[in-house]
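Chain by chain, the residues run as shown.
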Amino acid sequence: MNIALLRDFVVRPARLADAESVVNLLTAIACEEEPEQAANLSLAEEDSERTVAATLAFWRTLDLVHDTQVVVAPDESIVGYIDVGMMFRNAEHTDRCVRIRHVSGVHPDYTGRGIGTWLLHFAQWWTQQHSSGEPMRIVAWIHHRNERARHLLIREGYVYRGDHTYRALQLNEQARQRLVSQYTSYSKVVTPDMLVVLCRGVKGERQDTLNS
């Protein structure tokens, strides 16, 4: 399903061939959020390939067609990304919720264009499709400095849940350094009757329809 987000922007599921572009996107976001630490990490070609390999390995555990979305700009670059899946919030595996990875997955040069909002609406739509008709909690993590994402989550009805320390994938094996970041958790309960409107159509058109 292709979905027109903005004029000449297209949203579609991720493909294995997108791995390098998504790694570049997430690296650009990390450098924006953690400039002091990112400046100390050199992304050698072999390190980048390992990161792409790790992304591909993770993607092979997903149903890319149904669990991911990328936003493609007019120049064919990927400027937004999200993946969504089920997780358990307790050791007994009885309390299910939906987790959003990379909720702040919008390129720094493309913020403020509705991309983050669209990705959150996709996550809510995904949740409704997998909730078996019952209320389901969505959990999202954002970088503690990402004020834009924080305001977006609050506007979309998410509630602050707490802070967490996160050690990113080792980017420079020789330096043996990792990005250690502070992330903030937000959550929202989605009910089956919530309305989710996504924009469908072709490039240059905008048409609101209910995805059900």
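Below or above, wherever it landed, is the structure these notes cover.

Regarding the packing of aromatic side chains
Counted according to the given criterion, the structure contains 5 aromatic pairs. Here the aromatic rings of Trp118 and Phe122 are separated by 6.2 Å at their centres, their planes lie at 10°, and the arrangement is stacked. Of this pair, Trp118 and Phe122 are both found in helix α5 (residues 115–129), 4 residues apart, which corresponds to roughly one turn of the helix. Cluster of aromatic residues (ring-pair linked, three or more members): Trp118, Phe122 and Trp125.

Side note on the pattern of salt bridges
Tallying each qualifying case throughout the model produces 3 salt bridges. For the salt bridge of Arg12 with Asp18, the shortest nitrogen-to-oxygen distance reads 2.8 Å. Accessibility expressed as a relative area gives 11% for Arg12, which makes it buried. Here Arg150 makes a salt bridge to Glu147, at a shortest N to O gap of 2.7 Å. On the criterion of helical spacing, the pair formed by Arg150 and Glu147 is a turn pair, its members being 3 residues apart in helix α6 (residues 147–155). On the basis of relative accessibility, which here comes to 27%, the residue Arg150 falls in the partly exposed class. Residue Glu147 is classed as partly exposed on the basis of its relative accessible area, which comes to 37%.

Some remarks on the environment of Val190
For Val190, the location among the structural elements is in strand β8 (residues 180–190). Exposure remark for Val190: the relative accessible area of 1% places this residue in the buried category. Taking the C-alpha atoms as reference, Val190 lies 9.2 Å from Trp125; in sequence the two are 65 residues apart. Ignoring any residue separated from it by four or fewer positions in sequence, one finds Val190 in contact with Gln124, Thr127, Gln128, Glu134, Pro135, Met136 and Ile138.

Focus on the layout of surface pockets
For the second largest pocket, the calculated volume is near 500 Å³. Along the walls of the second largest pocket sit 24 residues, with Val106, Thr111, Asn146, Arg148 and Ala149 positioned nearest its centre. Secondary-structure elements contributing two or more residues to the lining of the second largest pocket are α1 (19–33), α5 and α6. The element best represented in the lining of the second largest pocket is α6, accounting for 6 residues. Across the lining of the second largest pocket, the residue classes break down as 8 nonpolar, 9 polar and 7 charged.

Comments concerning the pairing of strand β3 (residues 68–72)
The buried fraction of β3 amounts to 5 of the 5 residues, a majority that puts the element mostly inside the structure. Of the two faces of β3, the one lined by Thr68, Val70 and Val72 and the one lined by Gln69 and Val71 are each fully buried. Of the pairings in the sheet, the one linking strand β2 (residues 10–12) to β3 comprises 3 bridges and is antiparallel in character. Its bridge partner lying in β3, Val10 is registered against Val72.

With respect to α6
Within an α-helix, residues lying three or four positions from one another point in the same direction, as the helix has 3.6 residues per turn. Within α6, the full set of buried residues consists of Ala149, Leu152 and Leu153. Within α6, the buried residues cover an arc of 95° as seen down the axis, which keeps them to one side.

Examining the nonpolar core
Generally speaking, soluble globular proteins have nonpolar side chains that are buried together. Ranked by size, the top nonpolar core spans 30 residues in total, and within it Ile100, Ile115 and Tyr158 carry the most contacts. Breaking this core down by element, the ones donating at least two residues are β4 (78–88), β5 (96–101), α5, β6 (136–143), α6 and β8. Per element, the largest residue contribution to this core is 8 residues, and it comes from α5. In this structure Ile100 touches Ile82, Asp83, Leu120, Ala123, Ile138, Val139, Ala140, Trp141 and Tyr158, once residues within four positions along its chain are discounted. By size, the runner-up hydrophobic cluster in this structure holds 15 residues, among which are Ala14, Val22, Val72 and Ile78.

Analysis parameters
Residues numbered from 1 in each chain as written. Predicted model: local features only at pLDDT ≥ 70, side-chain atom pairs only at ≥ 80, totals over all residues. Heavy atoms only, no water. Phe/Tyr/Trp six-rings, centres within 6.5 Å; stacked < 30°, edge-to-face > 60°. Helix = DSSP H or I, 4+ residues; strand = E, 2+ residues; numbered from the N terminus. Salt bridge = Lys/Arg side-chain N within 4 Å of Asp/Glu carboxyl O. Buried < 20%, exposed > 50% of the residue type's maximum accessible area, 1.4 Å probe, protein only. Contact = heavy atoms within 4.5 Å. 1 Å grid on protein atoms, 1.4 Å probe; cavity = no way out; pocket = protein on both sides within 12 Å on 5 of 7 lines; lining within 4 Å. Points joined across faces, edges and corners; volume = space filled by probe spheres on them. Nonpolar A, V, L, I, M, F, W, Y, C, P; charged D, E, K, R; others polar. Pairing = 2+ DSSP bridges. Arc of directions from axis to C-beta. Core = buried A, V, L, I, M, F, W, Y, C linked by side-chain atoms within 4.5 Å.

Everything listed is a geometric property; what it means functionally is a separate question.
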